[in-house]
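# Structural description and commentary
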Amino acid sequence: MFEVRVGRAGRRPVAYLLALVLAAGVLVLAGPAAKSAEAASVCSGRPTRTIGFATGELRLYRTRHYVCAVAVAKGPGAPRPMSVSLQPRGGRAAVSAGRFGRQAGPVTVHALNRCVRASATVAGRGTATGWILC
């Protein structure tokens with residue numbers, strides 16, 4: 001008996017609402033996948049040096065007062081022996097060693113107006129620096 005007709009003006013709010021819900025759904029589902037493959041750093045400060053070697057890389061970060069280091073494997077996988085060491089001149093070395101799947105560290109040392117030396121190993125291969133960041 002009754003026939004309800006929705007004119008163009010009646011369809012418009014429904015279409016906007018549907019588009020908004022779809023856009024929000026796409027952002028929620030694709031948000032984490034759309035981010036870069038590089039994860040956020042566990043060290044505070046700005047990236048200072050990245051030193052690559054056969055099985056991974058040593059990443060150094062610096063703030064005004066501190067230096068932080070992380071050893072990252074080239075590919076995540078089964079836990080393997082990894083270590084990272086950071087020593088300020090005239091101070092004790094901070095070391096993180098063990099069996100890790102992705103990274104060893106972070107290690108942080110107070111290095112205001114001090115040089116530091118760093119080393120990292122991943123699965124028996126590694127690198128070491130001399131006194132740097134002076």
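Residues numbered from 1 in each chain as written. Predicted model: local features only at pLDDT ≥ 70, side-chain atom pairs only at ≥ 80, totals over all residues. Heavy atoms only, no water.

### Topic: the nonpolar core
Leu 58, Leu 60, Val 67, Ala 69, Val 84, Leu 86 and Val 116 are the most contacted members of the largest nonpolar core, which totals 20 residues. Looking at this core, the elements that each hand over two or more residues are strand S2 (56-62), strand S3 (66-73), strand S4 (80-88), strand S6 (103-110) and strand S7 (116-122). The residues contacting Val 84, other than those within four sequence positions of it, are Leu 58, Ala 69, Val 70, Ala 71, Ala 94, Val 95, Ser 96, Ala 104, Gly 105, Val 107, Ser 119 and Ala 120. (Core = buried A, V, L, I, M, F, W, Y, C linked by side-chain atoms within 4.5 Å. Buried < 20%, exposed > 50% of the residue type's maximum accessible area, 1.4 Å probe, protein only. Helix = DSSP H or I, 4+ residues; strand = E, 2+ residues; numbered from the N terminus. Contact = heavy atoms within 4.5 Å.)

### Quick word on the confidence of the model for the protein
On average, residues of the protein carry a pLDDT of 82, and 70% of them reach 70 or more. When the criterion is pLDDT under 50, residues 25-38 qualifies, and its contacts beyond four places in sequence or with other chains add up to 2 contacts. (pLDDT = per-residue confidence, 0-100.)

### Things to note about the sheet that holds S4
With antiparallel pairing, 4 strands are arranged side by side in an open sheet as S5-S4-S7-S8. On the outer flanks of this sheet lie strand S5 (94-100) and strand S8 (125-128), each paired with one strand and no other. Averaged over all pairs of adjacent strands, the angle between their axes in this sheet comes to 5°, without regard to strand direction. As paired strands, S4 and S5 are joined by 7 bridges and run antiparallel to one another. Bridge pairing in S5 links Leu 86 to Ala 94. (Pairing = 2+ DSSP bridges. Axes fitted to C-alpha atoms, helices over the stretch in contact; angles between N-to-C directions.)

### Concerning the packing of aromatic side chains
Inspection of the entire model under this criterion finds 0 aromatic pairs. The ring of Trp 131 carries the charged tip of Arg 89 above its face, separated from the ring centre by 4.4 Å. (Phe/Tyr/Trp six-rings, centres within 6.5 Å; stacked < 30°, edge-to-face > 60°. Lys NZ or Arg CZ within 6 Å of the ring centre and 35° of its normal.)

### Re the sheet that holds S2
Whenever strands of a sheet pair, they do so through backbone hydrogen bonds, lying parallel or antiparallel. Spatially, S1-S2-S3-S6 is the arrangement adopted by the 4 strands of the open sheet, whose pairing is antiparallel. Looking at strand neighbours, the two that pair on one side only are strand S1 (46-53) and S6, the edges of this open sheet. Pairwise comparison of adjacent strand axes, ignoring direction, gives a mean angle of 15° for this sheet. Both S3 and S6 contribute to a ladder of 6 bridges, which runs antiparallel. By the bridge assignment, Cys 68 is partnered in S6 with Thr 108.

### A short note on the pairing of S1
Relative to S2, S1 runs antiparallel, the two being bridged by 7 bridges. Directly across from Phe 53, in S2, lies its bridge partner Gly 56. Taking the residues between adjacent antiparallel strands as the criterion, S1 and S2 are bridged by 2 residues.

### Here we look at the pattern of salt bridges
In this structure the tally under the stated criterion is 1 salt bridge. Glu 57 is paired through a salt bridge with Arg 59; the nearest N and O atoms lie 2.6 Å apart. Take Glu 57: its relative accessible area is 23%, and that puts it in the partly exposed class. Exposure remark for Arg 59: the relative accessible area of 15% places this residue in the buried category. (Salt bridge = Lys/Arg side-chain N within 4 Å of Asp/Glu carboxyl O.)

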